[in-house]
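Observations on the model geometry
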Protein chains: 6
Amino acid sequence: MTQALNSESIATLRQLGAATVYEAQGAKGALDNGMKPIDPTVRLAGPALTVDCRPADNLMLHYAVQKARPGDVLVVDAKGFMEAGPWGDVLTIQAMKLGIAGLVINGCVRDANLIIELGFPVFCRGLSIKGTGKNQPGKVDVPITIGDVLIHPGDILVGDRDGLVVVPQDEIDSAIASSLAREDKEAKQRKAIEEGAFTADLLGLADTLRRFGLS
Amino acid sequence: MTQALNSESIATLRQLGAATVYEAQGAKGALDNGMKPIDPTVRLAGPALTVDCRPADNLMLHYAVQKARPGDVLVVDAKGFMEAGPWGDVLTIQAMKLGIAGLVINGCVRDANLIIELGFPVFCRGLSIKGTGKNQPGKVDVPITIGDVLIHPGDILVGDRDGLVVVPQDEIDSAIASSLAREDKEAKQRKAIEEGAFTADLLGLADTLRRFGLS
Amino acid sequence: MTQALNSESIATLRQLGAATVYEAQGAKGALDNGMKPIDPTVRLAGPALTVDCRPADNLMLHYAVQKARPGDVLVVDAKGFMEAGPWGDVLTIQAMKLGIAGLVINGCVRDANLIIELGFPVFCRGLSIKGTGKNQPGKVDVPITIGDVLIHPGDILVGDRDGLVVVPQDEIDSAIASSLAREDKEAKQRKAIEEGAFTADLLGLADTLRRFGLS
Amino acid sequence: MTQALNSESIATLRQLGAATVYEAQGAKGALDNGMKPIDPTVRLAGPALTVDCRPADNLMLHYAVQKARPGDVLVVDAKGFMEAGPWGDVLTIQAMKLGIAGLVINGCVRDANLIIELGFPVFCRGLSIKGTGKNQPGKVDVPITIGDVLIHPGDILVGDRDGLVVVPQDEIDSAIASSLAREDKEAKQRKAIEEGAFTADLLGLADTLRRFGLS
Amino acid sequence: MTQALNSESIATLRQLGAATVYEAQGAKGALDNGMKPIDPTVRLAGPALTVDCRPADNLMLHYAVQKARPGDVLVVDAKGFMEAGPWGDVLTIQAMKLGIAGLVINGCVRDANLIIELGFPVFCRGLSIKGTGKNQPGKVDVPITIGDVLIHPGDILVGDRDGLVVVPQDEIDSAIASSLAREDKEAKQRKAIEEGAFTADLLGLADTLRRFGLS
Amino acid sequence: MTQALNSESIATLRQLGAATVYEAQGAKGALDNGMKPIDPTVRLAGPALTVDCRPADNLMLHYAVQKARPGDVLVVDAKGFMEAGPWGDVLTIQAMKLGIAGLVINGCVRDANLIIELGFPVFCRGLSIKGTGKNQPGKVDVPITIGDVLIHPGDILVGDRDGLVVVPQDEIDSAIASSLAREDKEAKQRKAIEEGAFTADLLGLADTLRRFGLS
């Protein structure tokens, strides 16, 4: 996890945004469209501290925060259960105190007003005030799967209003390089469009369109 | 419905919020996560005037507003049907004129822009412009069930961005007392966290974690 | 498509809003409640340039923008597939350059932050950063169906926070007239309500209520 | 729970079926359409032994079977979680050994092949092989809510291919009487239909149809 | 509706089945995958008597059966509402007495056991015992839309385990001709496959595969 | 993929069934509950030939069958799209001719009647007659993810009415050994239950129950 995991790389990925990084790294690593920020203006980037827990039980979240390093993103598979909010104000304050960069949870949270006010980035499936137990075991720092994406501990999560993408930790440099190249290319496309070009020409789609009898 | 149903109690519950009251009254009474405010910044509290009606028909809503007392919350089971909006601008103006405190509807509404502009609290499952009939019978002031929660006439609805909770009318005082005690406890936990404590210790989870081989 | 399709009619429809036009034209033409603006403050009106394409492929969108006239609304049936975003920043810039009035897509989009910042009206089912191919044929300027509503090329789409309604192109004048009449009637109802009237009386529901034993 | 709770009443309710009993007792008590028998040919009736448990944990089921009396139906609120099967072959064998009449669970089950082969009636939301913990507390013999229906311990569950209905335990006799009367009435209607009558006439709908201009 | 609407054409379409007719008539007219036969072994074909009604109200069904001619298929848009069963045993008996060929309903039904036993073909979204009113107006013999497909009165519905397809009434002959041609072609393909051919070659996909670097 | 991948191992896994193997291999590898056999009586086991394709396009399926070895199970990620059936009768006949053991597809299929009649095991999310293109690229023999489970080429799929589980190819022997041990243990439990034991005692749950005040 050493490669490039400096604060500058993280900041660059956060600024690039999920859609650009996804496309630039070869159209892979996107979580499903149901995972959304509770505050759409928020941006997130950081290495995953993964948590595999049971639905409606937050014992492992209290355990996981202790294992986090500053800058980590808690990435929690709570099994997509919608009728419980295992994360709320107390854990948010705990997490911010410890320098945790944000939360990505396959499930719901509560105390959204305070979380948004404090500016802590949270991506989840919805809000639920329903309570959780503190009785169930789980695992920390193991591979988990959310939204058809396998996430290894240390992989970088990048998120914004559009959604979330996972960058494998040994591909950070190439992901950044490709993303910057893509941004550059898109800037040129935008300029060309402003000057009157059509995307079908810029993207070389004429052949394909012709094959279908469209010009 | 006499006990404590004064404006001060209602204001206190509204300020405490759904998640705190839910937890404080013993983790019960939470509506499901699909019931959301159309304006996430809104807060609601008040006794339920319940309405049991059919999907896509708002005859009973026009009847119910006449039965409401100032401060009442209309709590309507429209059977969760998403493709009709039985509540809109005219009923909103009627309700505000009569001092109705807000609407909770197991279904959709329309005219959201105006409702938000007027500041009338509405919790529902979504927005739909599709019309309704005015032909179907229903019941007012009877127990109804929304989101797996039984709601009696006079029960207090408390809602905010997180969702909604129902407080039985004869438990208002104890719900407030427990909520304030909980807020007090959480304030102490927050202070302890700021001073370096961990939630696992504050909540006494060490034994459970040890039983699962986690320390 | 000649009748009344001047900029004034379009502006009037946009200002009237989806719910009013839907009701005024006889409670027809409403798209389903899952079709929402990504920026809830946006308003849209314009004639449809229809696109029938396959899920997760945006070849036809690059083709369709070339066929659009200023003021057109792209209305795209991407088959309701949620796990791809066939529309993003480059197409938005292309569309705005060409004077396209907005996008309605039975599917998802990406680059929502930029789209909102640029003020381009987009109605869709959600956000997804997942990529699309550019390999699949489709059709432009054919009748399509979204949300149980048949849309012909040239029909007018009217949308706002509440949702979307389709006005057949040869009914624009009557839709506007009915909508204005309805607004007028509702203004009178509002005034009557402010003066103490009840909606049940204003809408003549007394007979129906009496038939069900309600007074 | 004494009234009429003899095996003959139970057998009569089972034979009458869910739709008839629901309608006969005043169109109330129907569980939602997502609760289905895993074997559509099965029929169920019996008093509820209610269980309130957490999703993905079956500790309380092992506890509850010990509290059951022969003829009881286990009615379990597992919170509608789809990705776990808290009930399988061992519990089925345990239940049948103890004379338990069947299972109704707001969640999933597994080992469906064996359950069907053994003829044990199970109503649920689906099948899942995913495992459960045995760590979480719950409650037995308390009111629970499934599918918007409040179920008290001792209420009678009646189920078949169509779905499930709950008969309050002090309304068993009247439910049976009304159901038999309804069956009798429907038999007459069927006979009349065979002889050429129309349902609109048999049900006295002419007035309503005329009011809408239909004859 | 005169063209070819003889019993032989109908029988041929029923035997051809939904998937074949859909593909043969140009990949159009398929209802969505949520519309299923309650008895998967059933087959249906016949001209539509369309009904547009409100959710949870079956007044119009009692009206529509009177308008049906022998062989008609009742095609009902009940707005996709899942928590009511507007069709049951009495209407089934009425329909069979009148020679109605089957029911397609955008909603649920009840009394499935009897319907299956009687062999009456019913396609719907699910089963629900919940009751309906008989108070709401509607329309018969008007165009309706189910599953994104516009259905005109007199269009032919063809259904089996796979789903449903709509054949425009003036395209029956061509649909049958294309379907038979398709069956013939597929029979040859099957024979070729049995003799060792690959579908990629039979369907001429080599060029497309090669373009993507696959051989 | 050499270890134990003989026909006897495969037959043993098929006979053990999904639920037993899932539990025995440590409660991992279960696909989500939406993946079901179209014929509930069918059983499946075999090594995965994985296919990553786009929704509503079956070009890659025609390619993949050519790469299959006898006994392989085609495991296809069609992105969960419900409104297309990329697999039907011709591909089924092709697959059976080539000795392919079955199909697992994250999507829908058509021609279910014929597939069931031929006895070809198919697990999917539903049925759809809607057509597909043959224009989109994809990948064969790469890791794919379905239902939150990562599947490598050569992993063994085991499926029955309950659902599907994936056994990593280098864990086949241990999975079989654990499953047989589990079956043995369960046989003893069943016998003990028949002789009067309770599952709570057999599973050693007394301590946990006591901790929650239950005996």
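Everything in this summary refers to the structure shown in the same document.

So, how was this worked out
- Residues numbered from 1 in each chain as written.
- Chains lettered and ligands numbered in written order.
- Predicted model: local features only at pLDDT ≥ 70, side-chain atom pairs only at ≥ 80, totals over all residues.
- Heavy atoms only, no water.
- Least-squares fit on C-alpha atoms with pLDDT ≥ 70 in both.
- Disulfide = S-S within 2.5 Å.
- Buried < 20%, exposed > 50% of the residue type's maximum accessible area, 1.4 Å probe, protein only.
- Contact = heavy atoms within 4.5 Å.
- Buried area = accessible area lost by both parts, 1.4 Å probe.
- Salt bridge = Lys/Arg side-chain N within 4 Å of Asp/Glu carboxyl O.
- Polar contact = N/O pair within 3.5 Å; in protein donor to acceptor, adjacent residues only side chain to side chain.
- Helix = DSSP H or I, 4+ residues; strand = E, 2+ residues; numbered from the N terminus.
- Nonpolar A, V, L, I, M, F, W, Y, C, P; charged D, E, K, R; others polar.
- Arc of directions from axis to C-beta.
- Axes fitted to C-alpha atoms, helices over the stretch in contact; angles between N-to-C directions.
- Parallel < 35°, antiparallel > 145°, perpendicular 65-115°, else oblique.
- Left-handed = near helix turned anticlockwise from the far one by under 90°.
- Phe/Tyr/Trp six-rings, centres within 6.5 Å; stacked < 30°, edge-to-face > 60°.

**Digging into the relation of the copies chain A and chain C**
- Superposing chain A onto chain C requires a rotation of 120° together with a translation of 0.0 Å along the rotation axis, leaving an RMSD of 0.0 Å. The superposition operator between the copies reduces to a three-fold rotation axis. Minimal C-alpha distance to the rotation axis in chain A is attained by Pro 40 of chain A, lying at 7.3 Å.

**Quick notes on the state of the cysteines**
Residue and element names in this part refer to chain A.
- Applying the stated criterion across every chain, the model contains zero disulfides over all chains.
- With no disulfide of its own, Cys 124 has Cys 108 as its nearest cysteine by sulfur position, at a separation of 6.3 Å.
- What makes Cys 124 buried here is its relative accessible area of 2%.

**Looking at the interface of chain A and chain C**
- On the side of chain C, 32 residues touch chain A, which itself brings 34 residues to the contact.
- Summing both sides of the interface, chain A and chain C together bury roughly 2,900 Å²; the carbon and sulfur share of this comes to 60%.
- Scanning the region where chain A abuts chain C turns up two salt bridges.
- Where Arg 190 of chain A meets Asp 89 of chain C, a salt bridge forms, and the shortest distance between an N and an O atom there is 3.9 Å.
- Counting the contacts that link chain A with chain C gives nine residue pairs in polar contact (both at pLDDT 80 or more).
- Looking at the side of chain A that touches chain C, the elements that each hand over two or more residues are α2 (18–24), β12 (163–167), α6 (172–194), α7 (199–202) and α8 (206–211) of chain A.
- Its residues assigned to classes, the side of chain A that touches chain C comprises 17 nonpolar, eight polar and nine charged.

**Let's talk about helix α1 (residues 7–16) of chain D**
Residue and element names in this part refer to chain D.
- Among the residues of α1, those classed as buried are Ser 9, Ile 10, Leu 13 and Leu 16. Down the axis of α1, the smallest arc covering the buried residues is 125°, so these residues share one side. In this structure, α1 carries Ser 7, Glu 8 and Gln 15 as exposed residues pointing more than 90 degrees from its buried face.
- One or two positions beyond α1, positive phi appears at Gly 17, with a value near 90°.

**Regarding the packing of helix α4 (residues 89–97) of chain D against helix α6 (residues 172–194) of chain F**
- It is the contact of α4 of chain D with α6 of chain F, at a shortest axis distance of 9 Å, that shows an interaxial angle of 10°. Looking at the two axes, α4 of chain D sits roughly parallel to α6 of chain F. Facing Asp 89, Val 90, Ile 93, Gln 94 and Lys 97 of chain D of α4 of chain D, the residues of α6 of chain F in contact are Glu 186, Gln 189, Arg 190, Ile 193 and Glu 194 of chain F.
- Residues that form the contact of α4 of chain D with α6 of chain F fall into these classes: three nonpolar, two polar and five charged.

**Examining the packing of helix α1 (residues 7–16) of chain E against helix α6 (residues 172–194) of chain E**
Residue and element names in this part refer to chain E.
- For the pair α1 and α6, the least separation of the axes is 11 Å and the interaxial angle reads 40°. As judged from the angle between their axes, α1 and α6 are oblique. Taken as a pair, α1 and α6 cross one another with a handedness that is left-handed. Contact residues: Ser 9, Thr 12, Leu 13 and Leu 16 in α1; Ile 172, Ile 176, Ser 179, Leu 180 and Glu 183 in α6.
- The residue inventory of the contact of α1 with α6, partitioned by class, reads five nonpolar, three polar and one charged.

**Structural notes on the interface of chain F and chain E**
- Each side of the interface is counted separately: chain F has 32 residues, and chain E has 34 residues.
- Counting each side, the surface lost to burial between chain F and chain E is near 2,900 Å², with a carbon and sulfur contribution of 60%.
- Along the contact surface separating chain F from chain E lie two salt bridges.
- Inspection of the region where chain F meets chain E yields nine residue pairs in polar contact (both at pLDDT 80 or more).
- For the side of chain F that touches chain E, the elements supplying multiple residues, two or more each, are α3 (59–67), α4 (89–97) and α5 (112–118) of chain F.
- Ranked by residue count, the leading element in the side of chain F that touches chain E is α3 of chain F, at seven residues.
- Classifying every residue of the side of chain F that touches chain E by side-chain character gives 16 nonpolar, eight polar and eight charged.

**A look at the packing of aromatic side chains**
Residue and element names in this part refer to chain C.
- Tallied over the entire structure, the rule returns nine aromatic pairs over all chains.
- An angle of 10° between the planes, with centres 6.0 Å apart, marks the rings of Trp 87 and Phe 120 as stacked. Of this pair, Trp 87 sits in the loop between β3 (73–77) and α4 (89–97) while Phe 120 sits in the loop between α5 (112–118) and β6 (122–124), and the two are 33 residues apart along the sequence.
- On the basis of relative accessible area, Trp 87 is assigned to the buried category, the value being 0%.
- Under the relative-accessibility criterion, Phe 120 is labelled buried at 4%.

**Thoughts on the pattern of salt bridges**
All names here are of chain F.
- Enumeration over the complete set of coordinates arrives at 78 salt bridges over all chains.
- With a closest N to O distance of 3.0 Å, Glu 195 and Lys 191 form a salt bridge.
- On the basis of relative accessibility, which here comes to 60%, the residue Glu 195 falls in the exposed class.

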